[in-house]
Amino acid sequence: MRKIQIQILFIFLAGTSVSFAQQPQKPNSVEIYNQIKKLNFLGSVLYVAAHPDDENTRLISYLANSMNARTGYLSLTRGDGGQNLIGPQLRELLGVIRTQELIEARKIDGGEQFFSRANDFGFSKNPDETLQIWDKDKVLADVVWTIRKFQPDIIINRFDHRSPGTTHGHHTSSAMLSVESFGLTNDSKIYPEQLKYVKPWQVKRQFFNPSWWFYGSQEKFDAANKSKFTKLETGVYYTGIGKSNQEIAALSRSRHQSQGFGSTGVRGNETEYLELINGEKPENRDALFDGIDTTWNRVKNGKPVGELISKIIAKYDFSNPSASIPELVKAYSMIQALEDDHWKSLKSAAIKNIIASCSGLYLEAVASEQEATPGSTVRLSLETINRCAVEMELTSVTTLPDNKNTSQNIVLKNNDDQKINLQIQLPNTIEYTQPYWLKEKATVGMYTVSNQENIGIPDIIREVKVVFNVKINGVEFPFERTVVYKYNDGVKGEMYNFLDIVPEATTSILEKVLLFKDTKSKMIPVKVRAGKDAVKGNLQLDLPKDWMISPKQIPFTLEKKGMEQTFYFEVTPPVQPEEAVAKSIVTVDNEHFDKDATIIDYSHITKQMVLKPAESKCIRIDLKTSGDAIAYIMGAGDEVPESLAQMGYKVTILKPEEITPAKLDSFNTVITGIRAYNTVNALANKQKILFDFVKSGKNMIVQYNTFGRTVTDQIAPYPLKISNDRVTEENAKITFLAPNHPVLNIPNKISAKDFEGWTQEQGLYYPNEYDSAFTPIISSHDKGESPKNGALLVAPYGKGYYIYTGLSFFRELPEGVAGAYRLLSNIISLKQPLEAPKQELKK
């Protein structure tokens, strides 16, 4: 073995370079060697926490790449309840983004990803609330299911199960459920319905992974007695790839772009600590797998397999990986004869990929178009090329889901590129492409996944695939490839997407909340998009009988696939305040289509399509407004400007460089978007201009920012300190601290009713210290806590008003919460009383 070559290769781990998420992996010689070494380690670790970005990527990378353990991360939620720093998507759409970010992170650090059905409903202050909203038994069942399916020898919890109320309730709950599962997973009487698919399994050890922030500071952690902890030196340097473990972990961590977790890699010694909380104590405290057989000896008749793989490792030629193929094929055949289904399945898949990598075997199935409809025919271009001297034969290809096998019998000579054209007839019953966990109706705390086998699967389940059946050294290997669509971009080069199965027609009401301040009618735009050529049908808008709609339906014809057209319905609201749901329905050949396709497309994740009901909330509201021109300075991203436009305001999005006295002169109000003072560095130099704007008699409204990370210490003209105070109970009782203040009375009379129907939370990151110039307007608190008075602070400054609010308008307005619109109108409408005219002016 030419060890010297390992030292001089400067390459990346598969996926760590900046690339597009769907592109096929093409491992190099060092990566292949590392994969072969991993074949000879039969040990597993499952890391457990609550959210995307909770995981310790340094530890996951170390376990997967230094110890060669099969390493998984079970995130109980998909992060649906967090904030979004890269766009306006919230709730389930944010969960889709964060799911993909986790998948990309695992591609980098070498782990695998799993989820439960728990829905991230937002910040929770204690596990009792969390487990009640989640449906504890179902989430516990999912933890047990994941353990039985993954079969870890070791579980590591990110959080401490013994400290309820000291951190996010989801965090503690994840640890509590993990600890409870330890004694359940090997009991066949527990969740017996799972045993149709998996077997009982007993984890050997369970640890808690403490860190300095559990102790309050690095100094306290350094001083703590850690003599009973297992200690892992994770600051290793991987000579073959020229990266430290921490550098790989930072690349993985940096995939969490929606959460602003870009990380800088470091180098040098680093230690991770683990506290044993369940199971066998290792004789060698710092040997994680001590006493656990992680060789092929743990599998009946597996010892010869391990011996052969050791031989392959010893003889590996970095300049010619294909030299290992004959013995790898032999090892594959030996694995097929084993009885252990678990390791047999895992290692068979791994060794197949290694053989393909050693030979440079490139297999790809590309669709002629990115979208197809059920029942349609998809044209495919297949590419097969063997780039080594080992002769191979493509015996046949099998298309899925139609399971049609087509004989090929093509000898794959070295570097002879073979192209094959064929078609797939999609069944009429094939499901649309979308996140499977969003297909069924969810609750606040739980997603519904009826198919037990799907629970925990991280990604969209794609059905259209091609199996290339390739004979190598007399043994036939089925290589499965998901069908993709690719094209060349003049700037970015080769671009990949997956083939998506779409409805024949999708439709969208372009405004998700429709406000009617009086009985005047509005023209409502509704879009129709064709999923195939020659779509002809009728469009209708459905509302309760008190709402008048004209026309009743609109005929349309869209000649080409992908064509869109917008139509308008005149809607007249009822006289009395009322809320209703408008539904857009397309009828084509007597079949109804009522889905709105939302596309999520960011360069760091795979493009996603989410199908939701084509609906909009219509509100006939008692709403008065004053003022008209608003300048909006976008922060992390929100949909508040669209809501302001619905209220009748003229909204202009201002870029930081446009914040000048001359530009601001034409506006009555400036509003900063959520986390603007966390994300827009240029605001640090714009404060004087903005404060002078207020002083001149205008209003400035600042929405929430997180504490400790603002671009300037002076976000207000008076002293104000942001804290971690929040009210997570959206129905918490409101007390009016200044009931006579104009902000509660003009132009709309605000009452407790205006705080009914709020979603997820009332507000977050309230100031807890502020100058006496501020008037606190409202107070509320979660159960068992002291009153929080910083939700809405109003201060006169010069002739105008400065307002700071942590109320979650960014959530409530897009959800159509009527009271949020009424209160925001009052904030915008604030005016100081005119000074009494001077005596001489009365003459």
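Above this note sits the structure.
A quick note: this is a predicted structure, and the numbers were derived from the prediction, not measured.

**With respect to the pattern of salt bridges**
- Scanning all chains against the criterion turns up 40 salt bridges.
- Close ionic contact of Arg117 with Asp142 constitutes a salt bridge, the shortest N to O distance being 2.9 Å. With Arg117 in the loop between β3 (112–115) and α5 (127–134) and Asp142 in helix α6 (residues 136–150), the pair connects residues that are 25 residues apart, well separated along the chain.
- Classification of Arg117 as buried rests on a relative accessible area of 16%.
- On the basis of relative accessibility, which here comes to 1%, the residue Asp142 falls in the buried class.
- A network of salt bridges, in which partner residues are shared, links Lys125, Asp782, Glu785 and Lys788.

**Structural notes on the environment of Gln194**
- With respect to the secondary-structure elements, Gln194 resides in the loop between α7 (169–181) and β5 (205–208).
- Put simply, Gln194 and Glu453 are 259 residues apart on the chain and 8.9 Å apart in space, counted from C-alpha to C-alpha.
- Here Gln194 is in contact with Ala141, Val144, Trp145, Arg148 and Gln452, once residues within four sequence places are set aside.

**Concerning the packing of α5 against α7**
- It is at 8 Å that the axes of α5 and α7 come closest, and there the two elements cross at 75°. As far as their axial angle goes, α7 and α5 are roughly perpendicular. For the pair formed by α5 and α7, the contact residues are Pro127, Thr130, Leu131 and Trp134 on the first element and Gly169, His170, Thr172, Ser173, Met176 and Leu177 on the second.
- Counted by class, the contact of α5 with α7 contains 5 nonpolar, 5 polar and no charged residues.

**What about helix α10 (residues 245–253)?**
- By the criterion of burial, α10 is predominantly enclosed, with 8 of the 9 residues buried.
- Listed in full, the buried residues belonging to α10 are Asn245, Gln246, Glu247, Ile248, Ala249, Ala250, Ser252 and Arg253.
- Where α10 is buried, its residues contact α3 (57–66), α4 (91–109), β7 (237–238) and β8 (243–244).

**Describing the side chain of Gln687**
- For Gln687, the position within the fold is in helix α17 (residues 687–695).
- Its relative accessible area of 6% is what places Gln687 among the buried residues.
- At 2.7 Å, the side chain of Gln687 forms a polar contact with the side chain of Tyr677.
- Excluding anything up to four places from it in sequence, Gln687 contacts Tyr677, Thr712, Gln714, Ile715 and Ala716.

**Observations regarding unusual backbone geometry**
- Cis rather than trans, the peptide bond between Leu400 and Pro401 has omega equal to 15°.
- As for its position among the elements, Pro401 is in the loop between β13 (392–400) and β14 (404–412).
- Cis rather than trans, the peptide bond between Ser550 and Pro551 has omega equal to -5°.
- One can find Pro551 in the loop between β25 (548–550) and β26 (554–558).
- The backbone of Asp589 sits at a positive phi, close to 50°, despite the residue not being glycine.
- In this structure, Asp589 sits in the loop between β28 (578–588) and β29 (591–593).

**Here we look at the sheet that holds strand β35 (residues 669–672)**
- The mixed open sheet is built from 7 strands, whose spatial order is β34-β33-β35-β36-β43-β42-β40. Each having just a single partner strand, β34 (650–653) and β40 (775–776) make up the two edges of the open sheet.
- Relative to strand β36 (residues 699–702), β35 runs parallel, the two sharing 4 bridges. Note that in β36 the partner of Val670 across the bridge is Met700.
- Contacts from helix α19 (residues 818–829) reach β33 (629–633), β35, β36, β42 (792–797) and β43 (800–805) within the one sheet, and its direction differs from that of β36 by about 140°.

**Here's the deal with α3**
- With 7 of its 10 residues buried, α3 lies for the most part within the structure.
- Of the residues making up α3, those classed as buried are Thr57, Leu59, Ile60, Ser61, Tyr62, Leu63 and Ala64.
- In this structure Asn56 caps α3, since a side-chain oxygen of it lies 3.1 Å from the backbone nitrogen of Arg58.
- Of the residues one or two after α3, Asn68 is the one with positive phi, at around 65°.

Basis of the calculations
Here, residues in each chain are numbered from 1, in the same order as that chain's written sequence. With the structure being a predicted model, the display of local features is reserved for residues of pLDDT at least 70 and the display and counting of side-chain atom pairs for 80 or more, all residues being used for whole-chain, interface and lining totals. Side-chain calculation: all heavy atoms of the structure are included, whereas hydrogens and water are not. Salt bridges, as used here, are contacts in which a Lys or Arg side-chain nitrogen is within 4 Å of a carboxyl oxygen on Asp or Glu. Secondary structure elements follow DSSP: runs of H or I no shorter than four residues count as helices, runs of E no shorter than two count as strands, and numbering proceeds from the N terminus. Residue exposure (1.4 Å probe, protein chains only): buried if accessible area is under 20% of the type maximum, exposed if over 50%, otherwise partly exposed. By definition in these notes, contact holds between two residues if any of their heavy atoms fall within 4.5 Å. Orientation is described by lines fitted to C-alpha atoms, with helices fitted over the stretch in contact, and by angles between N-to-C directions that extend from 0 to 180 degrees. Geometric relationships in this document are graded by angle, where less than 35 degrees denotes roughly parallel, more than 145 denotes roughly antiparallel, 65 to 115 denotes roughly perpendicular, and other angles denote oblique. Residue polarity is assigned by list, with Asp, Glu, Lys and Arg as charged and Ala, Val, Leu, Ile, Met, Phe, Trp, Tyr, Cys and Pro as nonpolar; anything else, Gly included, falls into the polar class. Distance and chemistry together define a polar contact, namely a pair of N or O atoms within 3.5 Å, with one atom able to donate a hydrogen and the other to accept it when in protein, and with adjacent residues in sequence counting only for side-chain atoms on both sides. A pair of strands counts as paired when DSSP detects no fewer than two bridges linking them.

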